[in-house]
Amino acid sequence: MTQDHTSIYYTEGLPVPETPPPGEAPQPWEKTDVIGKPRPRVDAYERVSGTAVYPSDVLLPGMLYGAILRCPHPHARVKGVDTSRAGKMPGVRAVIGPKTPAADLPWSFQDVTIKLFNPICRFEGETVAAVAAETPCQAWDAARAVAVEYEVLPFVADERHALDSDAPEIHSGGNTVKKDSYARGEVDKGFAEADVVLEQHYRTEAELQTPIELHGCVARWDGDLLTIWESTQGVYAVQSKVADTLGLPLSKVRVIGHYVGGGFGSKLRTSRYSIVAALLARKTACPVKLFLPREATFLAMGNRPPSNMTLKAGVKKDGTLTALEFTCLGTGGAYPAGGTSLVDTQVRDLYLCPNVRTECTDVYINAGPARPFRAPGHPQCSWALEQMIDALADAVGMDPVALRLKNVPAYSQSRNGNPPYTTTGLKQCLEEGARRFGWDEARQGAGGGNAKGHIKRGVGMAASVWFVGGGGPPSTVVVKLFSDGSANLNMGASDIGTGTKTVMAMVVAEELGIKPEMIKIEHADTDTTQYATPSGGSKTVPTEAPAVRDAAVQVKQQILAMAAEEMNVSVDDLVYEGEEIASRSRPDRRKRVSEIDGLNKRGVVMGVGHRGPNPENKTVNPFCAQFCEVEVNTKTGEMRIVRFLSTNESGRVMNRLTFDSQVVGGITMGVGMAATEMRILDAAQTGKLVNRNWHDYKLPTAMDVPADMTSVPIEMPDAEANTTGAKGLGEPVVIPTAAAVANAVFNAVGIRVAETPINPLQLCRLLEAEQTKQPKRRVER
Ligand code: MOS
């Protein structure tokens with residue numbers, strides 16, 4: 001089979017190199033003074049001092065600036081593009097569009113414009129034409145001066161109406177992208193056995209991708225060699241797509257992405273702007289920098305798709321779940337970008353339940369394409385399931401933590417053969433989280449209990465499972481040890497801001513007994529570093545770290561063999577102790593690594609490390625439980641999160657500092673989903689995006705998240721998962737956050753907020769409806 005270079009997940013069927021035995025290496029569950037300790041990032045100084053060169057900082061001599069003209073309509077046919085005025089404007093060097101004469105285009109890429117510029121624009125923000133000019137402002141002015149004649153077409157911008165009989169067809173063949181269904185057991189029988197059956201409709205609004213560093217690249221040609229500096233989660237993924245689109249050999253496309261100012265899934269894929277930049281650079285014979293303005297990233301660079309979910313659930317009085325039935329409708333916008341927009345993992349797998357049926361439908365609408373967004377699909381499903389579990393607990397008079405503990409599975413219920421989890425810390429997350437949060441006491445004092453006037457307090461919690469725990473091969477890493485005891489680590493993976501480089505340096509440091517400061521890391525460059533899959537799926541540490549450890553172990557084994565010869569002892573008798581090699585039987589015999597003749601003669605000892613496969617007939621998944629306390633002002637509808645605690649079982653903690661920063665970041669993003677963020681499309685009249693800037697699109701700020709955020713790692717080193725014992729963390733930590741907030745709000749004011757975001761507008765309506773006993777109304781927009 002061919003390798004899917006854009007896949008972030010384990011690729012079946014690849015030949016997997018044998019992972020050598022760990023030799024003298026400590027077992028992953030052993031404590032050392034390196035792994036697991038809080039360690040500042042190896043590139044902290046560069047990052048905070050501004051000396052780190054992000055792709056958006058790249059400046060090259062003679063560099064031009066690109067700008068893209070985007071379709072202003074949600075659905076339109078491009079009837080004519082006139083670039084003549086734009087082409088004559090000051091500083092303009094090139095204009096390309098769908099009608100660019102073939103003779104004007106670079107020699108070999110004439111048909112690329114067909115793929116780049118669709119004659120039909122299916123969302124507001126589709127690429128229509130592009131310009132290169134000497135300054136960014138000249139490029140923008142010229143792009144605006146391209147005259148386009150559009151035939152505006154009817155649109156549908158609300159997925160709830162995409163399948164209406166009068167909805168315009170977005171692609172020929174209808175607006176259904178696909179339907180995924182799953183079933184086990186007998187759902188009807190399960191509901192019949194239940195003491196309580198509840199059914200509820202839930203909705204989550206679309207969230208927009210908004211990393212600090214905008215999406216973009218710099219493209220430069222040297223003869224027929226193309227170099228792209230790209231803000232990306234995976235340089236090899238970009239290389240593969242660019243080479244394929246331009247008809248170039250992979251060897252002639254180099255992609256470099258040393259720093260990334262945030263990706264969150266939106267930079268897993270290659271975008272059109274990279275191709276546009278390459279074409280403009282080719283046409284002008286100058287390097288071209290093309291970074292999108294924030295408005296364009298809001299329109300075209302991905303979102304967490306909206307969800308419309310119905311969940312029916314049955315439970316016995318003792319808390320045993322008997323049946324779950326889940327349907328969801330979502331949309332990846334006008335173009336599917338990475339499978340179904342929603343997933344049902346939480347419903348299928350989080351709690352023991354013999355009878356489950358799910359159906360997820362994905363439809364097209366005239367809106368920007370969804371992209372992966374931190375734990376794609378999972379927080380949506382969690383919003384439904386975890387509020388439902390809370391409601392079931394309430395209905396049978398059980399504590400929500402106790403009801404969850406009653407239904408903790410030891411194996412995956414939905415995967416073929418029901419493979420057991422390598423480790424499952426769900427129980428520990430629930431128990432330890434409740435203990436550390438002071439759940440029982442807080443719960444008793446919450447709600448009406450200690451409410452003062454119109455400020456009501458409540459506590460809530462939610463739990464989750466993340467569907468992957470460690471990627472797999474391919475992963476190749478080279479470690480070189482120099483004769484002075486410093487080392488070089490070479491790997492292709494990107495550090496997307498999570499601290500990957502630091503963790504890898506710690507793995508080498510632990511194995512070779514050297515200080516992380518003595519390690520130089522080369523990464524994320526297709527010309528000079530090893531192949532790696534994109535950094536995503538919370539798999540970067542569990543995928544790359546075992547290969548790093550393997551490479552370091554190989555270096556160590558060579559060093560030990562040389563030392564044995566020079567010290568005239570058997571290799572089994574030697575032990576690697578930091579900067580020295582010591583004999584076990586003759587403690588007086590010691591040798592400094594830097595004094596080993598073999599190393600000094602060679603200059604360098606090198607290890608090429610690979611990652612072995614994940615265990616067979618087992619499944620590797622991280623778990624999480626979160627607890628929070630909120631205050632609701634029943635007069636103003638304002639909701640304040642007072643404190644938040646996250647317990648995460650992600651295997652072995654590699655770096656406590658970067659671990660905690662993932663937890664804080666995940667909670668913050670989850671608070672955005674819960675309380676402030678929503679894409680607003682003017683679905684009724686224009687179909688256009690209403691909130692397309694950081695003023696109108698409400699990202700949570702430091703004022704919106706609690707100062708009191710606690711990270712409680714459940715340290716269960718996963719010896720079966722891989723040779724470092726680590727599972728993923730970045731995505732698991734965002735999954736249950738919004739649901740935990742909603743459950744706390746219910747505990748405070750007795751109102752089930754089934755639709756995000758829990759903002760004052762919505763809370764005021766719901767509070768008013770509750771007071772006047774009117775039927776609950778959706779916030780109208
Ligand atoms: Mo992630 S959404 O796999 O970067």
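No experiment lies behind these values; they were computed from the predicted model shown.

Student: It is not clear to me how the pattern of salt bridges should be interpreted in this structure. Could you clarify?
Tutor: Two side chains of opposite charge can pair, provided their charged atoms sit close to one another. As enumerated under the stated definition, the model contains 46 salt bridges in all. With a closest N to O distance of 2.7 Å, Glu720 and Lys618 form a salt bridge. Taken together, the positions of Glu720 in the loop between strand S29 (708–713) and helix H18 (737–749) and Lys618 in the loop between strand S26 (604–610) and strand S27 (623–633) put the pair 102 residues apart, joining distant regions of the chain. One salt-bridge network, in which partners are shared between bridges, spans Arg457, Glu629, Glu631, Arg640 and Arg643.

Student: Could you clarify how one ought to interpret the environment of Pro55 in this entry?
Tutor: Mapping Pro55 onto the fold places it in the loop between helix H1 (44–49) and strand S1 (64–70). A residue is classified by how much of its surface remains accessible, and Pro55, at 4% relative accessible area, is buried. Residues Pro55 and Val604, spaced 549 residues apart in sequence, show a C-alpha to C-alpha distance of 32 Å. When residues no more than four places from it in sequence are discounted, the contact partners of Pro55 are Glu213, Val218, Trp229, Glu230, Ser231, Tyr259, Lys289 and Phe291.

Student: Please explain the nonpolar core as it appears in this structure.
Tutor: One recurring pattern in soluble globular proteins is that nonpolar side chains are buried together. In this structure, Val630, Met639, Val741 and Val745 are the most contacted members of the largest nonpolar core, which totals 81 residues. Leave out the neighbours within four places in its chain, and Met639 touches Val630, Glu631, Val632, Ala675, Val741, Val745, Ile758 and Leu763.

Student: It is not clear to me how unusual backbone geometry should be interpreted in this structure. Could you clarify?
Tutor: Glycine aside, a negative phi is what most residues show, and trans is what most peptide bonds show. Cis peptide bonds are those with omega within 30 degrees of zero, and the linkage from Thr756 to Pro757 qualifies with -10°. Mapped onto the elements, Pro757 comes out in the loop between H18 and helix H19 (760–772). Backbone geometry at Ala524 places phi at a positive 50°, although glycine is not the residue there. Secondary-structure assignment places Ala524 in the loop between strand S22 (519–523) and helix H15 (540–567). Phi at Asn568 takes a positive value of approximately 60°, unusual for a residue other than glycine. Summarising the element assignment, Asn568 is placed in the loop between H15 and strand S23 (574–577).

Student: Before we go on, may I ask you to explain empty space enclosed by the protein in this structure?
Tutor: Empty pockets left among the atoms are what a rolling probe the size of a water molecule brings to light. Taken as a whole and judged by the stated rule, the model has two cavities of 30 Å³ or more. Taken as a whole, the largest cavity spans an internal volume of roughly 90 Å³. Taken together, Glu124, Leu208, Phe298, Leu299, Asn303, Asn366, Ala367, Gly368, Arg679, Leu681, Gly687 and Leu689 form the lining of the largest cavity. Tallied by class, the residues present in the lining of the largest cavity amount to six nonpolar, four polar and two charged.

Student: Before we go on, may I ask you to explain the sheet that holds strand S11 (residues 225–230) in this structure?
Tutor: Backbone-to-backbone hydrogen bonds join strands into a sheet, with any given pair of strands oriented parallel or antiparallel. Ordered by their spatial adjacency, seven strands build an open sheet running S3-S5-S1-S13-S10-S11-S12, and the pairing between neighbours is mixed. Strand pairing shows two members of the sheet lacking a second neighbour, strand S3 (92–96) and strand S12 (253–256), which therefore form its edges. Adjacent strand axes in the sheet meet at a mean angle of 20° when their direction is disregarded. The strands that helix H4 (residues 136–145) touches are S1, S3 and strand S5 (127–133); relative to S1, the one it contacts most, it runs at about 25°.

Student: Any chance you could explain the environment of Tyr202 here in plain terms?
Tutor: Relative to the helices and strands, Tyr202 resides in strand S8 (residues 196–204). Taking the C-alpha atoms as reference points, Tyr202 and Leu311, 109 residues apart in sequence, are found 7.9 Å from one another.

Student: Sorry if this is basic, but what is going on with the environment of Cys381 here?
Tutor: With respect to the helices and strands, Cys381 occurs in helix H10 (residues 378–396). Classification of Cys381 as buried rests on a relative accessible area of 0%. For the pair formed by Cys381 and Ser464, sequence separation is 83 residues and the distance between their alpha carbons is 9.9 Å.

Student: For this particular structure, what's the right way to read the confidence of the model for the protein chain?
Tutor: Reading fine detail from the predicted coordinates is not recommended where pLDDT is low. Mean pLDDT for the protein chain: 92, with 93% of residues reaching 70 or above. Confidence over residues 1–26 falls short of pLDDT 50; this stretch has 64 contacts with residues more than four positions distant or in other chains.

Student: In this structure, what is going on with helix H17 (residues 656–676)? I would like to understand it.
Tutor: Within an α-helix, residues lying three or four positions from one another point in the same direction, as the helix has 3.6 residues per turn. Spanning 21 residues, H17 covers 29 Å between terminal C-alpha atoms, matching the ideal 30 Å at 1.5 Å per step. The residue sitting at the N-terminus of H17 and contributing the capping side-chain oxygen is Asn655; that oxygen lies 2.9 Å from the backbone nitrogen of Leu657.

Student: So what exactly am I meant to see when it comes to the sheet that holds S23 here?
Tutor: Read from one edge to the other, the open sheet built from three strands follows the order S23-S24-S25, with strand pairing classed as antiparallel. The sheet terminates laterally at S23 and strand S25 (590–592), the two strands that pair on one side only. Strand-to-strand twist in this sheet, taken as the mean axis angle between neighbours without regard to direction, amounts to 20°. In this sheet, strand S24 (residues 580–583) lies alongside S23 in antiparallel orientation, the contact comprising four bridges.

Student: Please explain the packing of aromatic side chains as it appears in this structure.
Tutor: To describe a pair of aromatic rings, one takes the distance between the centres and the angle between the planes. With the rule as written, the count across this model stands at nine aromatic pairs. When the centroid spacing of 4.8 Å and the interplanar angle of 55° are considered together, the rings of Tyr236 and Tyr531 count as tilted. Here Tyr236 is found in helix H6 (residues 235–246), whereas its partner Tyr531 is found in the loop between S22 and H15, with 295 residues between them in sequence. A relative accessible area of 10% places Tyr236 in the buried class. Residue Tyr531 is classed as partly exposed on the basis of its relative accessible area, which comes to 22%. Counting every residue linked through ring pairs, the aromatic cluster contains Phe437, Trp439 and Phe627. Positioned above the aromatic ring of Trp221 is the side chain of Arg282, whose terminal nitrogen or guanidinium carbon lies 4.6 Å from the ring centre. One Lys or Arg, Lys312, reaches over the ring of Phe191 and ends 4.4 Å from the middle of that ring.

Student: Looking at this structure, I do not really get the pairing of strand S17 (residues 356–363). What am I missing?
Tutor: Note on strand geometry: in a regular strand, side chains alternate between the two faces of the sheet. Here S17 lies mainly inside the structure; six of its eight residues are buried. Two strands pair when backbone bridges link them, and strand S7 (residues 176–184) and S17 are joined in this way by eight bridges, in the antiparallel orientation. Each bridged residue has a counterpart across the sheet, and for Tyr182 the counterpart in S17 is Thr358. Where strand S16 (residues 321–331) lies against S17, eight bridges are found, and the strand directions are parallel. Note that in S17 the partner of Thr327 across the bridge is Glu359.

Procedures and definitions
- Residues numbered from 1 in each chain as written.
- Predicted model: local features only at pLDDT ≥ 70, side-chain atom pairs only at ≥ 80, totals over all residues.
- Heavy atoms only, no water.
- Salt bridge = Lys/Arg side-chain N within 4 Å of Asp/Glu carboxyl O.
- Helix = DSSP H or I, 4+ residues; strand = E, 2+ residues; numbered from the N terminus.
- Buried < 20%, exposed > 50% of the residue type's maximum accessible area, 1.4 Å probe, protein only.
- Contact = heavy atoms within 4.5 Å.
- Core = buried A, V, L, I, M, F, W, Y, C linked by side-chain atoms within 4.5 Å.
- 1 Å grid on protein atoms, 1.4 Å probe; cavity = no way out; pocket = protein on both sides within 12 Å on 5 of 7 lines; lining within 4 Å.
- Points joined across faces, edges and corners; volume = space filled by probe spheres on them.
- Nonpolar A, V, L, I, M, F, W, Y, C, P; charged D, E, K, R; others polar.
- Pairing = 2+ DSSP bridges.
- Axes fitted to C-alpha atoms, helices over the stretch in contact; angles between N-to-C directions.
- pLDDT = per-residue confidence, 0-100.
- Expected span 1.5 Å × (residues − 1).
- Polar contact = N/O pair within 3.5 Å; in protein donor to acceptor, adjacent residues only side chain to side chain.
- Phe/Tyr/Trp six-rings, centres within 6.5 Å; stacked < 30°, edge-to-face > 60°.
- Lys NZ or Arg CZ within 6 Å of the ring centre and 35° of its normal.

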